[in-house]
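# Summary of structural features
Chain by chain, the residues run as shown.
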Amino acid sequence: MTQAADILIAGGGLNGPALALALARNGFSVTVVDGRPAPQRAEPGFDGRAYALALASKRLLAALGLWDGLASQAQPILRVVTADGTTAGGPSPFVLAFDHAEIEEGPMGYLLEDRFLYAAFLAALEAEPRIRLVSGTTVEAQEVGPQGVTVTLSTGAQLSGRLLVGCDGRQSGTARRAGIRRSGWGYGQTALVTAIEHERPHEGTAWQYFLPGGPLAILPLPGGHRSSIVWSESDAAAAGIQRLPDADYLGALRPRFGDFLGSIRLAGDRFTYPLSLSLAHSFVAPRVALVGDAAHGVHPIAGQGLNLGLRDVAALAEVLTLAARRGEDVGSPLVLDRYQQWRRFDATALALGMDMVNRLFSNDNPVMRAGRDLSMGIVNALPGLRRGFIRQAAGLSGDLPRLLQGRPI
Ligand SMILES: Cc1cc2nc3c(=O)[nH]c(=O)nc-3n(C[C@H](O)[C@H](O)[C@H](O)COP(=O)(O)OP(=O)(O)OC[C@H]3O[C@@H](n4cnc5c(N)ncnc54)[C@H](O)[C@@H]3O)c2cc1C
């Protein structure tokens, strides 16, 4: 028997649950299908994965009623310091520093561990009567008709809705089955991800070093003496580093950022993520929309991937809610085109911008290095320009959907 909902969401990572909540709070019935069993994903242990969430993303979580429960687990980002670095000599003296006090809205973002964010989403999904979560099952097929869309699950069950939203990540089967092509390339870089404990306090500072092999981010976690590490290296170098025993891994990490945090030790598991760019040629197709990594998988250089996805969530929820209030068919091309117009240019421009920054900084060319140091010095000397960067990092620039302003739709 086919079960019906207004909106079907394929993928229950982070953007899928956020969209389901935003839609359900505005009257839609939603079914979320996720391939991974929810209890497995919600394991409580600390695994070192954390997200730098922009202020605008925090506002969305607040508008969805999740932030009060998360606030004590989040670390405000009070300063961001970027510097050109060398593999052995620590940072260069040319640093670019951004302080949250330069804008009036407050901390430009927060560090939040994956386990806390996912657990909050899961609890909210389970408490919301308009949402049905089907986990441990995949969407295998989709069929679009004039009135709606029907998907077939790996169990053989069928679900129908007026719109199918693909939140199923970079390999999005929803996009593939809808005939949406993708462009992209591998960076030849792998991110080594872990967490460290350090002797000196981080004081809410996020550091980003541009090293020849790729960027190294040291992101502050609650408590003052723990930080999340996202350390990009060439694929071959990363594979070699990942194979090292813990002491040698730390021995390779330490000289890359110097000793300003005092002695360090590992405080989380060690993960690797191959890095690539993956952009969908269209964010919509008949009765289909793409959100998050399914639409745009980006380099983690500025920690913007999830923030971009949550912008999609807020924009799509607003477009669909306003369309439903006007009595429009939420799966119609006219409605979906509004979402595409709102998000595609912004997301693509940001993805390509991060691609360019990674190329400019991930090398040891002395001419490029001199140019980088000079441009960082210039930005540092111009408060107006610096404030522009801070607002961008906080997700406050551009045409903001209401949920990102912390307002209901
Ligand atoms: C090293 C690294 C560091 C990062 N740091 C940051 C950061 O600091 N800040 C930030 O904003 N972003 C960051 N990101 C990006 C962020 O992790 C991603 O953008 C985000 O997790 C994408 O979420 P998503 O829900 O779109 O996709 P995913 O998390 O990929 O979720 C997709 C879900 O779809 C499910 N699925 C797939 N196929 C099917 C199917 N056929 N049927 C049903 N379910 C299916 C999967 O099981 C999965 O649960 C980082 C990324 C990396 C690699």
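Residues numbered from 1 in each chain as written. Predicted model: local features only at pLDDT ≥ 70, side-chain atom pairs only at ≥ 80, totals over all residues. Heavy atoms only, no water.

As a reminder of what qualifies: UniProt positions are given in the numbering used here, feature names are shortened, and annotations may be inferred rather than shown by experiment.
Regarding the protein, the relevant UniProt record gives this comment under Sequence similarities (unreviewed entry): "Belongs to the UbiH/COQ6 family." Per UniProt, the comment on the protein under Pathway (unreviewed entry) is "Cofactor biosynthesis; ubiquinone biosynthesis."

### Some remarks on the layout of surface pockets
A water-sized probe, rolled over the atoms, reveals where empty space remains. Short version of the rule: As defined here, a cavity is a set of points on a 1 Å grid over the protein atoms alone where a 1.4 Å probe fits but cannot get out. A pocket is an open set with protein on both sides within 12 Å along at least five of seven lines, and residues line them when an atom is within 4 Å of a point. Grid points are joined across faces, edges and corners, and a volume is the space filled by probe spheres set on the points. Secondary structure elements follow DSSP: runs of H or I of four or more residues count as helices, runs of E of two or more count as strands, with numbering from the N terminus. Basically, the charged four are Asp, Glu, Lys and Arg, the nonpolar ten are Ala, Val, Leu, Ile, Met, Phe, Trp, Tyr, Cys and Pro, and anything else, Gly included, counts as polar.
By volume, the second largest pocket amounts to about 240 Å³. Lining the second largest pocket are 19 residues, and of these R311, D346, L350, Q392 and S397 lie nearest its centre. Contributing elements (two or more residues each) for the lining of the second largest pocket: α3 (55–63), α9 (305–325) and α10 (333–361). Taken together, the residues of the lining of the second largest pocket break down into eight nonpolar, seven polar and four charged.

### Looking at the site of the ligand
Quick reminder of the rule: Whether a residue is near a molecule or strand depends on its heavy atoms: if one lies within 4 Å, it is near. Counting of polar contacts relies on pairs of N or O atoms within 3.5 Å, with two restrictions inside protein: one atom must be capable of donating a hydrogen and the other of accepting it, and residues adjacent in sequence are counted only when both atoms are side-chain atoms. In these tables, accessible area is a Shrake-Rupley quantity obtained with a 1.4 Å probe, and a residue counts as shielded only by the protein chains included in the view.
With respect to spatial proximity, 28 residues lie near the ligand, and among them N15, D34, A52, D293 and L306 are the closest. Here a nitrogen atom of the ligand and a backbone polar atom of V139 are 2.9 Å apart. Note that an oxygen atom of the ligand is positioned 3.0 Å from one of the backbone N or O atoms of N307. Starting from 1000 Å² of accessible surface for the ligand in isolation, the protein chains cover 81%. Looking at the shell around the ligand, the elements that each hand over two or more residues are β3 (30–34), β4 (50–54), β14 (182–198) and α9. A total of three residues in the shell around the ligand trace back to one element, the largest contributor, which is α9. Tallied by class, the residues present in the shell around the ligand amount to twelve nonpolar, twelve polar and four charged.

### A short note on unusual backbone geometry
The backbone of E203 shows a phi angle near 55°, a positive value even though the residue is not glycine. The topology assignment puts E203 in the loop between β14 and β15 (205–211). A positive phi angle, close to 55°, is found at R287, a residue other than glycine. Position of R287 relative to the elements: it lies in the loop between β20 (284–285) and β21 (288–290).

### So, the packing of helix α1 (residues 15–24) against α9
The cut-off we apply is this: Helix axes use the C-alpha atoms of the stretch in contact, all axes being lines fitted to C-alpha atoms, and the angles between their N-to-C directions lie in the range 0 to 180 degrees. Every angle not falling under 35 degrees, over 145, or within 65 to 115 is termed oblique; those three ranges are roughly parallel, roughly antiparallel and roughly perpendicular. Crossings are assigned a handedness: left-handed for a near helix turned anticlockwise from the far helix by less than a right angle, right-handed for a clockwise turn. Residue contacts are counted whenever heavy atoms from the two residues lie within 4.5 Å of one another.
Between α1 and α9, the shortest axis-to-axis distance is 9 Å and the interhelical angle comes to 25°. Relative to α9, the element α1 is oriented roughly parallel. Seen from above, α1 lies across α9 with right-handed handedness. Between α1 and α9, the contacting residues are N15, A18, L19, A22 and L23 on the first element and L306, G309, L310, V313, L316, A317 and L320 on the second. Taken together, the residues of the contact of α1 with α9 sort by class into ten nonpolar, two polar and no charged.

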